[in-house]
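# Results of the structural survey
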Amino acid sequence: MPISTNGSKPSTNDTTATQSDAAASARGPWAGLPGTTAKLAAVFWSAVLLSDSILWGIAGVDPLASFPGKLVLNSFGALLTVGMSALLFWMRRRGILFKAAMAFVLSMACAPLYSLLDFQVYSLHMAPEVPAFEWRNFGFTMVSSMAMFFGWSCLYVSMVYAFEVRDRERSLAAAREEALLAQMRALRYQANPHFLFNTLNSIAGLVEEGATARAGRMLLSLSMFLRTTLTIDPLQDVTLADELVLQQDYLEIEQERFSDRMDFQVEATDEVRQALVPSLILQPLIENAVKHGVGQSAAHTRIRIRALRQQEVLRLVVENDLAAARSPGGAVVGLGIGLRNVADRLRMRFGEAGRFSASTVDGRFRAEIELPWRTG
């Protein structure tokens, strides 16, 4: 006879699965670009101001005395970079070579303006002495200014590209999450048609034989099982105790069908029963055990469910006897869509920390799940 499990019906607890930032996605890919641009510009022009102060100090100019002029000059430079950034953002859909060429052109256009203001600031600082305008020095200033603006353009284009990449990654993650959501939601309505067909046929047969009590128990168990599976949210976790109660309901239905051909056994300590597991994670394993164990053997078949904790890992093992013709050689049997879905769910949910394996051992088929130990 089976060892029964204790506990209530599965409840919907808060899931620990990672969710995408839907609010940020709703604001669009450029939601944080202005703020990031302002911060980058502040750092960039602060660095320019510091380097100018150092260079002017080396040239014999008091950095503190020249600070107001440099502040005006760099503020003007910051305004120029704002305009450059707006134009580069407008051309963001163009190719990288086109944007590089436009960055070069914009830098050449801004450099004379910045260099002229630089000379004016220098002239005001030297007043009442009037410095001579030298094309050679002006050319040096032009070259350095152009390099500075082109450097800013490269930084800005790289930042825009980073925002685009981040948005694409977010969109891809959202698409994957939607696909997983659809797959998990589908579990709510997934019922093995053979299971329903065979169960209803068995109930009809019991009624014809006059075994109304057994038929009533079977019908009540079927009703409770279907109602529970339809109300469970497959994306949320349940305690192992609740999951085991649900699987016991399923096995009791199958036990009514197969009468004395099968029994089942559940081994789990009270501590292990408090662990959190993805809801319905055991259902495909139990269905597989009934289909390939009980359904394909005329001999008595036992289905054994074990749960144990190994440090920070929870191991769930479902075993069933195999017909003698199916067991030799240790070949894996019964790896259908249901078992592959279990492996996919574990991989998507837990990554490398979630594992699924299946094998035959001593005439028994064993399906095993490993997942991180978690409690509510």
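All of these numbers come straight from a predicted model, not from anything done at the bench.

### Considering the overall build of the protein
Secondary structure assignment for the protein yields 11 helices and seven strands. A burial count over the protein gives 41% of its 376 residues as buried. The contacts of the protein with a sequence gap of at least 6 include a subset with a gap of at least 24, amounting to 77%. Of the roughly 20100 Å² of accessible surface on the protein, a fraction of 61% belongs to carbon and sulfur atoms.

### A few points about the sheet that holds strand S2 (residues 262-267)
Pairing in this open sheet of five strands is mixed, and the strands run S2-S4-S5-S7-S6 from one edge to the other. Because the sheet does not close on itself, it has two edges, and the strands there are S2 and strand S6 (355-361). Averaged over all pairs of adjacent strands, the angle between their axes in this sheet comes to 15 degrees, without regard to strand direction. Across the sheet, helix H8 (residues 240-258) is in contact with S2, strand S4 (301-310) and strand S5 (313-321); its angle to S2 comes to roughly 170 degrees. On the sheet, helix H10 (residues 283-294) packs against S2, S4, S5, S6 and strand S7 (364-372) and is oriented at approximately 20 degrees with respect to S5.

### Considering the UniProt feature "transmembrane region" (unreviewed entry) in the protein
Mapped onto this numbering, the UniProt entry gives "transmembrane region" (unreviewed entry) at residues 40-59, 71-90, 97-117 and 137-163. Taken end to end, residues 97-117 is 100% helix and 0% strand, and its two terminal C-alpha atoms sit 31 Å from one another. Secondary structure over residues 137-163 splits into 100% helix and 0% strand, and the C-alpha atoms at its two ends are 39 Å apart.

### Things to note about the packing of helix H2 (residues 33-58) against helix H3 (residues 67-90)
Where H2 meets H3, the axes come as close as 10 Å, and the angle between the chain directions of the two elements is 145 degrees. H2 and H3 meet at a crossing whose hand is right-handed. For the pair H2 and H3, contact is made by Leu-33, Trp-45, Val-48, Leu-49, Asp-52, Ser-53 and Trp-56 and by Phe-67, Lys-70, Leu-71, Asn-74, Gly-77, Ala-78, Thr-81 and Phe-89, respectively. Here the residues of the contact of H2 with H3 are counted per class, giving nine nonpolar, four polar and two charged.

### A few points about the confidence of the model for the protein
This prediction gives the protein a mean pLDDT of 80; 84% of its residues lie at or above 70. Of the regions scoring below 50 in pLDDT, residues 1-26 engages in 55 contacts with residues more than four places distant in sequence or in other chains. With pLDDT under 50 throughout, residues 327-334 is counted as low confidence; its partners more than four residues away or in other chains account for 16 contacts.

### Concerning the nonpolar core
Membership of the largest hydrophobic core comes to 48 residues, with the highest contact counts inside it found for Leu-251, Leu-282, Ile-303 and Leu-316. Among the elements that line this core, the one with the most residues is H8, at seven residues. Excluding residues within four positions of it along the chain, Ile-303 makes contact with Leu-251, Met-262, Asp-263, Phe-264, Gln-265, Ala-289, Val-290, Val-294, Val-318, Glu-319 and Asn-320. Ranked by size, the runner-up nonpolar core spans 24 residues in total, among them Met-84, Cys-110, Val-121 and Trp-152.

### Description of the pairing of S2
Counting buried positions over the six residues of S2 gives five, a clear majority of the element. Of the pairings in the sheet, the one linking S2 to S4 comprises six bridges and is parallel in character. Considered in S4, the bridge of Gln-265 is made with Arg-304.

### Some points on the packing of aromatic side chains
Counted by the stated rule, this structure contains 12 aromatic pairs. Taken together, a centroid distance of 6.3 Å and an interplanar angle of 80 degrees make the contact between Phe-104 and Phe-150 edge-to-face. On the criterion of sequence distance, the pair formed by Phe-104 in helix H4 (residues 96-126) and Phe-150 in helix H5 (residues 135-188) is long-range, its members being 46 residues apart. Among the residues examined, Phe-150 registers a relative accessible area of 28% and is labelled partly exposed. Judged by centre distance (5.2 Å) and plane angle (45 degrees), the ring pair of Phe-133 and Phe-138 falls under tilted. Joined through ring pairs, the aromatic side chains of Phe-44, Trp-45, Tyr-114, Phe-149, Trp-152 and Tyr-156 make up one cluster. When the ring centre of Phe-98 is taken as origin, the NZ or CZ atom of Arg-94, which lies over that ring, is 4.0 Å away. If you follow Arg-166 out to its NZ or CZ, it ends over the ring of Phe-163, 4.6 Å from the centre.

### Remarks on a nonpolar patch on the surface
On the surface, a nonpolar cluster with roughly 440 Å² of combined accessible area is contributed by Leu-50, Ile-54, Leu-55 and Ile-58. Note on Leu-50: relative accessible area 53%, which makes it exposed.

### Side note on the packing of H8 against H10
Running from N to C, H8 and H10 point in directions that differ by 20 degrees, and their axes come no closer than 10 Å. Relative to H10, the element H8 is oriented roughly parallel. Note on packing geometry: the crossing formed by H8 with H10 is right-handed. Along the contact surface, H8 presents Glu-243, Gln-247, Tyr-250, Leu-251, Glu-254 and Phe-258, while H10 presents Gln-283, Ile-286, Glu-287, Val-290 and Val-294. For the contact of H8 with H10, the residue count by class is six nonpolar, two polar and three charged.

Thresholds, definitions, all that
Residues numbered from 1 in each chain as written. Predicted model: local features only at pLDDT ≥ 70, side-chain atom pairs only at ≥ 80, totals over all residues. Heavy atoms only, no water. Helix = DSSP H or I, 4+ residues; strand = E, 2+ residues; numbered from the N terminus. Buried < 20%, exposed > 50% of the residue type's maximum accessible area, 1.4 Å probe, protein only. Contact = heavy atoms within 4.5 Å. Areas by Shrake-Rupley, 256 points an atom, 1.4 Å probe, with all protein chains shown as cover. Pairing = 2+ DSSP bridges. Axes fitted to C-alpha atoms, helices over the stretch in contact; angles between N-to-C directions. UniProt positions renumbered as here; feature names shortened; annotations may be inferred. Left-handed = near helix turned anticlockwise from the far one by under 90°. Nonpolar A, V, L, I, M, F, W, Y, C, P; charged D, E, K, R; others polar. pLDDT = per-residue confidence, 0-100. Core = buried A, V, L, I, M, F, W, Y, C linked by side-chain atoms within 4.5 Å. Phe/Tyr/Trp six-rings, centres within 6.5 Å; stacked < 30°, edge-to-face > 60°. Lys NZ or Arg CZ within 6 Å of the ring centre and 35° of its normal. Patch = residues over 30% accessible without salt bridge, like charges linked within 9 Å, V, L, I, M, F, W, Y side chains within 5 Å. Salt bridge = Lys/Arg side-chain N within 4 Å of Asp/Glu carboxyl O. Parallel < 35°, antiparallel > 145°, perpendicular 65-115°, else oblique.

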